Amino acid sequence: MSRGNKNERGAALTMVIVIGAVLMMLIATSTAFSLSSLRKSSTDADWNGAMAAVYAGVEDYKSKLSNDNAYVKYGNKLAPFSVGSDLQLPTGVMTNPAFGLGTAGTWATVSGSNGTASYRYEVDNSKYSASGILRLRSTGRVNDSIRTLVVNVKQQGFIDYLYFTDYEIVDPAQQQNSNCVVTHAWEQNDNEHKNYCTEIQFAPGDVINGPMHSNDTLLICGTRFKGQVTTSNNKLPIYRKASNSGCTPTFEVPGSPEFSTSIGMPATNSEMRSETRTDLPDIVTRPGCLYTGPTVITFLNGGLMNVKSPFTVKTRIAGAPATSGTTPAECGVPGTSAGSLGSSGGATIAVIEQNLIYVQNVPGLSDDPNYTAPTSSPTGFTCTTATGKKGWSFGGNQFPLADEIIPWAEPAHYGCRNGDAYIKGKLGGQVSVAAENYVYVTGDLTYSDETADMLGIVGQNAVWVWNPLICEEYYSNNGNGAKNGTCKENKREFSLPKNRTISGAILSVAHTFMVQNYDLEDSRGKLTVKGAISQKFRGTVATTSGSGYVKDYNYDPRFRFMAPPKFLSPVSTTYGISELVEVSAAFKPNGVAN
């Protein structure tokens, strides 16, 4: 054997050893990598599962709210996230393990997880009465993985739409001798309203700049819809044209209009009056202000408002029916002394921030603290009861105006003991104004700061755009010069400037949002609404001949995330998420707060 062969065999042996070592290293590395991947895969699954548990907690809380609107009061007030909230723990069959805290505290188990996934949540209801927003911090846990989200939970309702209507017809209460039998058009075989009802169309020139929904079939001619349009009409066509030619609308959102389920209107706004009671501390934590009889509210610069309410005796009440009441200074002092609610100059007070004003009819029960006998009137208040001219005057305000032609309505306009709110001005603050009867918007109603101020307007009956028509000359009776109540048509004049702007969320619970005298004389210019409109019946604001106002309706996008203080909700409510953000885990896996 040669030396060369021996060297070759040695080199080969060395190579085999080296290759073997490399293979062993590769096998070890591969094994370690596989084990690491298994661990990472398991950790990733837990991490994702923890977020799924977070969402399970959010959905659980939303479900409980939808089943019981009063669930907003439940939570663990000891939770760090709930500081400043007014909460209590549910008991008995309502006990909720998701309200647990600490190592000994409970977690709720995610259904179907075999006990491996669980969640807790904490509630912040400190801003609920002011903005309708609940904050929820939900934490999910799977093994050692913990994740947390903070979400804003908002009740879905009327203000999700710029324009919401139950019935697309004229309010029968605003048509004298109406024989209309109220139904939705889609309830008829031909998808049209019958039974002497007057349909209202969306007209050419109208611009609806925001989402809208109708529980009825829409009648349209040339309107431009810039937001999502939904309808509860389940028949074809999904909307109707007012004419076969020249009436094609423009829908800027693809798929509009589309079907959506009906939204139920509440029967009354009486629950808003309950927000002025002092005997319901668990429900009404911050009572608003109650005014009685015709009340004039003028919003002023600097976050102030002037209130004239001569029938008011107590501005907060206890009992239903009321048996007692109080007069907190923040609502204005009743009486006739200078600067009081019953003085000719009214009371100038700060806007009751993030709260509610309710204007009620003069009570008929003598035990009510705001009762005034039918034969009596407050000092300086004059009640007119003449046929065709019923109304009142007080403190420089007069309804109707001298020689005003009063349009027919039911209930009649300007009742001197009605819970009517007459509002105008520039609001600085956040407040809702509700009335047991009518709300009259008597001038422009705007915000001092469009990013911070917010107004809710709720009438049990109609919300009127006050548009008075006066008569300059009447026909005489038998040549003796006496007025006989019939005005010469060429002597009718509107007493207010053209154009009107209204900012706020408007709701007529039982009737309509409507312009007085929309069908008389010439064009009144543009009606600009910045906010939301909800009504039982479509309100008329103009005619196809050109009288009345052209609509310029624009949605306030803040209503997607918040509501005016203590605003009214639909009969059946659901809750949605308006904002969410992931934050650092609120708890450690053992339940200790981070």
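The rules behind these values
- Residues numbered from 1 in each chain as written.
- Predicted model: local features only at pLDDT ≥ 70, side-chain atom pairs only at ≥ 80, totals over all residues.
- Heavy atoms only, no water.
- Disulfide = S-S within 2.5 Å.
- Helix = DSSP H or I, 4+ residues; strand = E, 2+ residues; numbered from the N terminus.
- Buried < 20%, exposed > 50% of the residue type's maximum accessible area, 1.4 Å probe, protein only.
- Phe/Tyr/Trp six-rings, centres within 6.5 Å; stacked < 30°, edge-to-face > 60°.
- Lys NZ or Arg CZ within 6 Å of the ring centre and 35° of its normal.
- Core = buried A, V, L, I, M, F, W, Y, C linked by side-chain atoms within 4.5 Å.
- Contact = heavy atoms within 4.5 Å.
- Salt bridge = Lys/Arg side-chain N within 4 Å of Asp/Glu carboxyl O.
- Pairing = 2+ DSSP bridges.

Undergrad: Could you give an account of the state of the cysteines, naming the residues involved and the relevant values?
TA: Per the counting criterion, the structure on display carries 5 disulfides. One disulfide bridge connects Cys-221 with Cys-247, the sulfur atoms lying 1.9 Å from each other. One quick way to see it: the torsion about the S-S bond of Cys-221 and Cys-247 is about -70°, and its sign makes the bridge left-handed. Highlighted residues: Cys-221 in the loop between strand E8 (218-220) and strand E9 (224-225) and Cys-247 in the loop between strand E11 (239-241) and strand E12 (250-251), separated in sequence by 26 residues. Exposure remark for Cys-247: the relative accessible area of 3% places this residue in the buried category. Sulfur-sulfur distance for the disulfide between Cys-383 and Cys-416 comes to 1.8 Å.

Undergrad: Quick one: what's the story with the packing of aromatic side chains, residue by residue and with numbers?
TA: Considering all chains together, one arrives at 27 aromatic pairs under this definition. Relative to Tyr-121, the ring of Phe-99 has its centre 5.4 Å away and its plane inclined at 85°; by these criteria the two rings are edge-to-face. Separated by 22 residues along the polypeptide, Phe-99 in the loop between helix H1 (3-67) and strand E1 (108-109) and Tyr-121 in strand E2 (residues 117-124) bring together distant segments of the chain. Classification of Tyr-121 by relative accessible area gives buried; the value is 2%. Ring plane angle 40° and centroid distance 5.5 Å describe the contact between Phe-158 and Phe-164, whose orientation is recorded as tilted. For Phe-158, a relative accessible area of 1% corresponds to the buried category. Positioned over the ring face of Phe-587 is Arg-120, at 4.9 Å from the centre of the ring. Sitting above the plane of the Phe-202 ring, Arg-538 keeps its charged end 4.0 Å from the centroid.

Undergrad: Mind laying out the nonpolar core, listing which residues take part and the relevant values?
TA: Burial of nonpolar side chains together is a common tendency in soluble globular proteins. One finds Tyr-291, Phe-299, Phe-513, Leu-527 and Tyr-553 to be the most contacted residues of the largest nonpolar core, which totals 91 residues. Here this core gets 8 residues from one element, more than from any other, and that element is strand E34 (residues 500-515). Contacts of Leu-527, omitting those with residues within four sequence positions, involve Val-465, Arg-500, Ile-502, Phe-513, Val-515, Val-541, Tyr-549, Val-550, Lys-551, Asp-552 and Tyr-553. Among the nonpolar cores identified, the runner-up in size contains 25 residues, and Ala-53, Leu-65, Tyr-71 and Val-153 belong to it.

Undergrad: Help me get a handle on the pattern of salt bridges, residues and values and all.
TA: Side chains bearing opposite charge may pair, as long as their charged atoms lie close to each other. Evaluated as defined, the whole model comprises 20 salt bridges. We note a salt bridge from Lys-194 to Glu-192, for which the minimum N-O separation is 3.9 Å. The class of Lys-194 is partly exposed, set by a relative accessible area of 35%. According to the relative accessible area criterion, Glu-192 is partly exposed, its value standing at 30%. For Glu-252, the salt bridge is made with Arg-224, and the minimal N-O distance between the two is 2.5 Å. In this pair, Glu-252 is assigned in the loop between E12 and strand E13 (258-259) and Arg-224 in strand E9, connecting sequence segments 28 residues apart. We classify Glu-252 as partly exposed; its relative accessible area is 37%.

Undergrad: Lay out the sheet that holds strand E33 (residues 492-494) in plain terms, naming residues and giving numbers.
TA: The strand order across the open sheet formed by 3 strands is E24-E30-E33, and the pairing between neighbours is antiparallel. What marks the edges here is a single partner per strand, and that holds for strand E24 (404-405) and E33. The pairing of strand E30 (residues 469-471) with E33 spans 3 bridges and is classified as antiparallel. Residue pairing for E33: Ile-470 is matched across the bridge by Glu-493.

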